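Now for the letters of each chain:
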Amino acid sequence: MAGILPKIFAGLAELDEYAPFARTLLANQPRRASVSSTTARSRNHHAIVAHGQGSQLDALERNEGRVFDLVVRRFLGAFYPDAEFAQTEVV
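An account of the accompanying structure is given in this report. (Residues numbered from 1 in each chain as written. Predicted model: local features only at pLDDT ≥ 70, side-chain atom pairs only at ≥ 80, totals over all residues. Heavy atoms only, no water.)

All right, on to the packing of aromatic side chains then. Scanning the model with the defined rule gives five aromatic pairs in all. Between phenylalanine 9 and phenylalanine 75, the ring centres sit 6.1 Å apart and the planes meet at 50 degrees, which makes this aromatic pair tilted. Of this pair, phenylalanine 9 sits in helix α1 (residues 5-13) while phenylalanine 75 is found in helix α4 (residues 62-77), placing the two residues 66 residues apart along the sequence. Classification of phenylalanine 9 as buried rests on a relative accessible area of 1%. Aromatic side chains phenylalanine 75 and phenylalanine 79 sit 5.4 Å apart centroid to centroid with 70 degrees between the ring planes, which places their arrangement in the edge-to-face category. In this pair, the class of phenylalanine 75 matches that of phenylalanine 79, namely buried. (Phe/Tyr/Trp six-rings, centres within 6.5 Å; stacked < 30°, edge-to-face > 60°. Helix = DSSP H or I, 4+ residues; strand = E, 2+ residues; numbered from the N terminus. Buried < 20%, exposed > 50% of the residue type's maximum accessible area, 1.4 Å probe, protein only.)

Next up on the list: the pattern of salt bridges. Scanning the model with the defined rule gives two salt bridges in all. Note that arginine 73 is salt-bridged to glutamate 17, the shortest N-O span being 2.6 Å. A residue pair is termed long-range when its members are at least 10 positions apart, and arginine 73 in helix α4 and glutamate 17 in the loop between α1 and α2 (19-27) qualify at 56 residues. Classification of glutamate 17 by relative accessible area gives partly exposed; the value is 47%. For arginine 73, the salt bridge identified is with aspartate 69, shortest N-O distance 2.8 Å. Residue arginine 73 and its partner aspartate 69 are both found in helix α4; the two are separated by four residues, about one turn of the helix. Given a relative accessible area of 45%, arginine 73 falls into the partly exposed group. (Salt bridge = Lys/Arg side-chain N within 4 Å of Asp/Glu carboxyl O.)

With that settled, consider the side chain of aspartate 69. Of the residues examined, aspartate 69 reaches a relative accessible area of 17% and is grouped as buried. Here arginine 73 takes part through its side chain, which lies 2.8 Å from a polar atom of the side chain of aspartate 69. Filtering out sequence-adjacent residues up to four positions away, aspartate 69 remains in contact with Glu17 and Tyr18. (Polar contact = N/O pair within 3.5 Å; in protein donor to acceptor, adjacent residues only side chain to side chain. Contact = heavy atoms within 4.5 Å.)

Phe9, Leu12, Phe75, Leu76 and Phe79 are the most contacted members of the largest nonpolar core, which has 15 residues in total. The biggest single contributor to this core is α1, with five residues. (Core = buried A, V, L, I, M, F, W, Y, C linked by side-chain atoms within 4.5 Å.)

Moving on, we get to α4. Compared with the 22 Å implied by 1.5 Å per residue over 16 residues, the 22 Å span of α4 between its first and last C-alpha is a close match. Of the residues making up α4, those classed as buried are Phe68, Asp69, Val72, Phe75 and Leu76. In an axial view of α4, the angular spread of the buried residues amounts to 135 degrees, which keeps them on one side of the axis. Of the exposed residues in α4, the ones pointing more than 90 degrees away from its buried face are Asn63, Val67 and Leu70. (Expected span 1.5 Å × (residues − 1). Arc of directions from axis to C-beta.)

A separate point is the packing of α1 against α2. It is the contact of α1 with α2, at a shortest axis distance of 8 Å, that shows an interaxial angle of 150 degrees. Our classification of the angle between α1 and α2 gives roughly antiparallel. In terms of crossing hand, the pair formed by α1 and α2 is left-handed. Taken together, the residues of α2 that come into contact with α1 (itself represented by Pro6, Phe9, Ala10, Leu12 and Ala13) are Ala19, Ala22, Arg23, Leu25 and Leu26. A class-by-class count of the residues in the contact of α1 with α2 yields nine nonpolar, no polar and one charged. (Axes fitted to C-alpha atoms, helices over the stretch in contact; angles between N-to-C directions. Parallel < 35°, antiparallel > 145°, perpendicular 65-115°, else oblique. Left-handed = near helix turned anticlockwise from the far one by under 90°. Nonpolar A, V, L, I, M, F, W, Y, C, P; charged D, E, K, R; others polar.)

Now the structure itself:
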């Protein structure tokens, strides 16, 4: 799948909402998609891949658009570093 990633990122870079994230991945070699250490079931399913074809987004119904948004966000997020959180406890 690594061979088609630049094409997918380029398509998503044409959509305003996802452009900053997709352009970053285009400019830099994306890291390998992360897999949760808690379960193997959380892997990305290759049948659900964001295609970024902007001409079809306007034709999506509201809930279809929401599903597309979730798929795109998860797909792009898989190539970014894991989030790190700092917690502060004040006593």
